[in-house]
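Here is how the chains run, residue by residue.
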Amino acid sequence: MERSNGLLEFIPGARPILQQITNGQPLEGFAQNIRDSIREYAEDAQSEIEKGHNFLHWVLTRVFEATEDDATDAIVDGANDLGIDAYLPVDFSDDKIYLFQSKYGTSHSMEAIAKFKEDVRNLQYKDISKMRPELARLVTQVREKNLKIECVYVTDQKVEYQNQESLEIFDIEIIIQRLWDRIKKPAAGKKAAIKLESKLKYQNTLLGILKLRELTNFVTKNRDYVFESNIRQWMQFKTTVNKGLRETLQESPNKFFYYNNGITIVVSDFEELEENAILLHAPQIVNGAQTSNSILDHAKRTHNLEGSITVTIIKAADEQDQNNITKYRNSQNAVRGKDLVSLMDFHKSIKSQMENFGYFYEIQAGSFDSKAKSQQSEFGGDSTYNKYLPENHKKVIVAKDAIQAFVAGIEQHPTESYSSPAQFLPRGSKYDEVFNEKLKDDLRLLLYPYLVKEYAKRILNYGKKGGHKTKRYATLFFVAVYFKILHEKILLTKGDFKEDVAKLEPIFKSVKLNQRILKLTDIVVTKFLEDTVVDDEMTAANTYHNFFSHHVWQDSMIRVIEKKIKQEEDEIGSIKKIVQDLF
């Protein structure tokens, strides 16, 4: 059953909902995370009425991207609400107005949809003098401005109902799909114009010459989405290439055209207008983030921005084509596996889930640094999980670091993740062995090993800053031993550790309990490192680095680990009883 998707493009003060429905279905973990987020937000209430208000507020801010204040002002649900729960825009600045009816939980019914339509039809005949002030103001504005009314029915339930003219249903499946489409296609529904000095058309591609000032205007106006498909965000002036860009712009702007490879913009479509103006549909700068931002930075420093650049505009509606263009056109700064993480659906889902907990999952190198300070400050993390992190932690979790800890702990490959983490990143030889269709996109799989790794460094003196001659190399080994103890001895996991990820949550939220497990792990690891058999193996390995890269997880060493774990049976038994009570 087809559904309309053009309702929101005219709502002022909020970025439009994606107008382009993609073929990609939301990943399972992403969908579950949305359901959990709605439930937690709604259920944090003292009454059923408040639950409904909370749900509606969640929808207005998350799905329709109203600000917190606008969402609060928009909700008019209450006694004698005329069947209207909320409205947008709140400033009546458009010729349309969107009236919302919200039903949370069992309050949804097909009769409620019919009644909503009937209430809106009767709205123009109601006596304003008998209305609540905020409703009287709303109805007055509708009548005086002759606003076109669009109805939006939202619910956390699944609805079998075909959208009709002036009525759109946002059930749980549509909500999830729209949010998934937004992170998959951030530029969908966007349009932007640029003017070329000259151009040449070849099939679905335009080759053109673009003034640097024109590029600066384009990036400035569309920066909130135009780099989202780029493998990397701006790397500031950390690379030799970027330093060269700055020097050329400062000293020889007329040579910039000759020295630079140009930029690539991928679009879903383009329209050739008069005087070499081009209207771009869903534009994404997939190669040239470094160039564009260097020019933008230079423009802020000087008003004399001269020079031109080559631009390639490619129509590529197919997602796979766009990803390939992104990968193969990135050459000025070396593209590593960790940069390609930004093109993978699994990690886009994890990024979205992490944001719900206040963490920025950096899947594009430099993407956090490119944000304004005010935007960075929005990431405060989770009050419980922050206890595992250093006090000065920016609440940024770099994808490469999280993957490395995940492979060491959950996958139990500490030597491989230590010696060659690149093999588990996109394009790596073992990426598909780990990140395949069998792996559920559950943020806990990446967040929890990362927290263990950071705690080991912060509290237990592992890593380079710890100073211990052996433990400085043993951080990932510690992560592996922790999850080995937790799963095999405490949770009694049989087989794949990933299957018990849900059981980890109450443990990680019980910080004092988990600190006992972490301390126990440190005791086991310390005793292991002091064992003479291990010492002999370290000598044979020649260096500590070589030992932890290749030797520490071989059969003879695992037998020593098992022996040291067995020596802590009493503490393990005590912890196990507490954990059983949690469930």
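What counts, and at which threshold
All residue numbers here refer to positions counted from 1 along the written sequence of the relevant chain. Restriction of local features to residues with pLDDT of at least 70 applies here, the model being predicted, together with a cutoff of 80 or more for giving and counting side-chain atom pairs; totals for whole chains, interfaces and linings are based on all residues. Working from all heavy atoms in the structure, the side-chain values ignore hydrogens and water. Helix numbers and strand numbers start at the N terminus; a helix is a DSSP run of H or I with at least 4 residues, a strand a run of E with at least 2. Here's how the labels work: a residue is buried when its accessible area is under 20% of the maximum for its type, exposed when over 50%, partly exposed in between, all with a 1.4 Å probe on protein chains only. Contacts are assigned to residue pairs with any non-hydrogen atoms lying within 4.5 Å of each other. The criterion is simple. A nonpolar core is a set of buried Ala, Val, Leu, Ile, Met, Phe, Trp, Tyr and Cys residues joined through side-chain atoms within 4.5 Å. Here a strand pair is declared whenever DSSP counts at least two bridges between the two strands. Axis angles are defined between N-to-C directions and span 0 to 180 degrees, where every axis is a line fitted to C-alpha atoms and, for a helix, only to the segment in contact. To estimate the expected span of a helix, count its residues, drop one, and scale the result by 1.5 Å. Every angle not falling under 35 degrees, over 145, or within 65 to 115 is termed oblique; those three ranges are roughly parallel, roughly antiparallel and roughly perpendicular. In this scheme, a crossing is called left-handed if the near helix is turned counterclockwise away from the far one by less than a right angle; it is called right-handed if the turn is clockwise. As a working rule, the residues Ala, Val, Leu, Ile, Met, Phe, Trp, Tyr, Cys and Pro are called nonpolar, Asp, Glu, Lys and Arg charged, and the rest polar, with Gly in that last group. Think of it this way: a Phe, Tyr or Trp ring, Trp meaning its six-membered ring, pairs with another when their centres are within 6.5 Å, and the plane angle makes it stacked under 30 degrees, edge-to-face over 60, tilted otherwise. We call a charge positioned above a ring when the Lys NZ or Arg CZ atom is no farther than 6 Å from the ring centre and deviates by at most 35 degrees from the ring normal.

**Notes on the overall build of the protein chain**
Phase 1 of the analysis: Broken down by element type, the protein chain carries 25 helices and 14 strands.
Phase 2 of the analysis: When the 583 residues of the protein chain are sorted by exposure, 54% land in the buried category.
Phase 3 of the analysis: In the protein chain, once contacts between residues fewer than 6 apart in sequence are set aside, the share between residues at least 24 apart is 70%.

**Focus: the nonpolar core**
Phase 1 of the analysis: By size, the foremost hydrophobic cluster in this structure holds 78 residues, and its most contacted members are Tyr 361, Phe 477, Phe 483, Phe 508 and Phe 528.
Phase 2 of the analysis: Sorting elements by how many residues they give to this core places helix H19 (residues 475–490) first, with 11 residues.
Phase 3 of the analysis: In this view, Phe 477 contacts Pro 414, Val 525, Phe 528, Phe 548, Val 552, Trp 553 and Ile 561; residues no more than four positions away in its chain are not counted.
Phase 4 of the analysis: The next biggest cluster of nonpolar side chains, apart from the first, holds 56 residues, and it includes Ile 34, Phe 55, Ala 74 and Tyr 104.

**Describing unusual backbone geometry**
Note: most peptide bonds trans; most residues except glycine with negative phi.
Phase 1 of the analysis: Residue Leu 88 is joined to Pro 89 through a cis peptide bond whose omega torsion reads -5 degrees.
Phase 2 of the analysis: With respect to the helices and strands, Pro 89 occurs in the loop between strand S1 (86–88) and strand S2 (96–103).
Phase 3 of the analysis: Its identity as a non-glycine residue notwithstanding, Glu 275 has a phi of 55 degrees, on the positive side.
Phase 4 of the analysis: Examined against the element boundaries, Glu 275 turns out to sit in the loop between strand S9 (269–272) and strand S10 (277–281).
Phase 5 of the analysis: The backbone of Asn 461 shows a phi angle near 65 degrees, a positive value even though the residue is not glycine.
Phase 6 of the analysis: For Asn 461, the location among the structural elements is in the loop between helix H18 (443–458) and H19.

**Quick notes on the sheet that holds strand S8 (residues 263–267)**
Phase 1 of the analysis: Read across the sheet, five strands follow the order S6-S7-S12-S8-S11 without closing on themselves; strand pairing throughout is mixed. Looking along the sheet, the strands with just one partner apiece sit at the ends: strand S6 (198–202) and strand S11 (284–287). Going across the sheet, the axis of each strand differs from the next one's by a mean of 30 degrees, ignoring polarity.
Phase 2 of the analysis: Here S8 pairs with S11 via three bridges, running antiparallel. Considered in S11, the bridge of Thr 264 is made with Asn 287.

**Overview of the pairing of strand S4 (residues 167–170)**
Phase 1 of the analysis: Across the two faces of S4 the burial is the same, with Leu 167 and Ile 169 and Glu 168 and Phe 170 all buried.
Phase 2 of the analysis: As judged from the four bridges shared by strand S3 (residues 148–155) and S4, these two strands associate in the parallel manner. By the bridge assignment for S4, Val 154 is matched with Phe 170.

**Some details on H19**
Phase 1 of the analysis: Here H19 contains 16 residues, and its C-alpha end-to-end distance of 21 Å stays within 8% of the 22 Å for a straight helix at 1.5 Å per residue.
Phase 2 of the analysis: In terms of residue burial, H19 counts as a mostly covered element, since 14 of its 16 residues are buried.
Phase 3 of the analysis: Remark: Leu 492 follows H19 within two positions and exhibits a positive phi of approximately 55 degrees.

**Describing the side chain of Asn 514**
Phase 1 of the analysis: Along the chain, Asn 514 turns up in helix H21 (residues 511–530).
Phase 2 of the analysis: Take Asn 514: its relative accessible area is 0%, and that puts it in the buried class.
Phase 3 of the analysis: In contact with Asn 514, not counting residues within four places along its chain, are Tyr 388, Tyr 482, Ile 507 and Phe 508.

**Some details on the side chain of Gln 353**
Phase 1 of the analysis: Relative to the helices and strands, Gln 353 is located in helix H13 (residues 345–356).
Phase 2 of the analysis: Residue classification places Gln 353 among the buried positions, given a relative accessible area of 2%.
Phase 3 of the analysis: Ignoring any residue separated from it by four or fewer positions in sequence, one finds Gln 353 in contact with Gly 29, Phe 30, Asn 33, Asp 441, Asp 442 and Leu 443.

**Looking at the packing of helix H6 (residues 172–184) against H13**
Phase 1 of the analysis: Contact geometry for H6 and H13: axes closest at 10 Å, N-to-C directions at 115 degrees. Classified by the angle their axes make, H6 and H13 are roughly perpendicular. In this structure, H6 crosses over H13, and the sense of that crossing is right-handed. Across the interface between the two elements, Trp 180, Ile 183 and Lys 184 of H6 pack against Asp 345, Lys 348, Ser 349 and Ser 352 of H13.
Phase 2 of the analysis: Across the contact of H6 with H13, the residue classes tally to two nonpolar, two polar and three charged.

**Thoughts on the sheet that holds S3**
Phase 1 of the analysis: Taken together, four strands build an open sheet; the order of strands is S1-S2-S3-S4 and the sheet is mixed. The outermost strands of the open sheet, each flanked by one partner alone, are S1 and S4. Here the strands of the sheet are splayed against their neighbours by 25 degrees on average, with no regard to which way each runs.
Phase 2 of the analysis: Of the strands in this sheet, S1, S2 and S3 touch helix H2 (residues 48–62), which is tilted by about 140 degrees from S2.

**Considerations on the packing of aromatic side chains**
Phase 1 of the analysis: Summed over the entire model, instances satisfying the criterion amount to 22 aromatic pairs.
Phase 2 of the analysis: Taking 6.2 Å as the distance between ring centres and 70 degrees as the angle between the ring planes, the aromatic pair formed by Tyr 482 and Phe 508 counts as edge-to-face. Of this pair, Tyr 482 sits in helix H19 while Phe 508 sits in helix H20 (residues 501–509), and the two are 26 residues apart along the sequence. The burial state of Tyr 482 is the same as that of Phe 508; both residues are buried.
Phase 3 of the analysis: Through successive ring pairs, a cluster of aromatic residues spans Phe 357, Tyr 385, Tyr 388, Tyr 448, Tyr 455, Tyr 482, Phe 483 and Phe 508.
Phase 4 of the analysis: For the cation-ring pair, Arg 472 lies above Tyr 473, with the distance from its terminal atom to the ring centre recorded as 5.5 Å.

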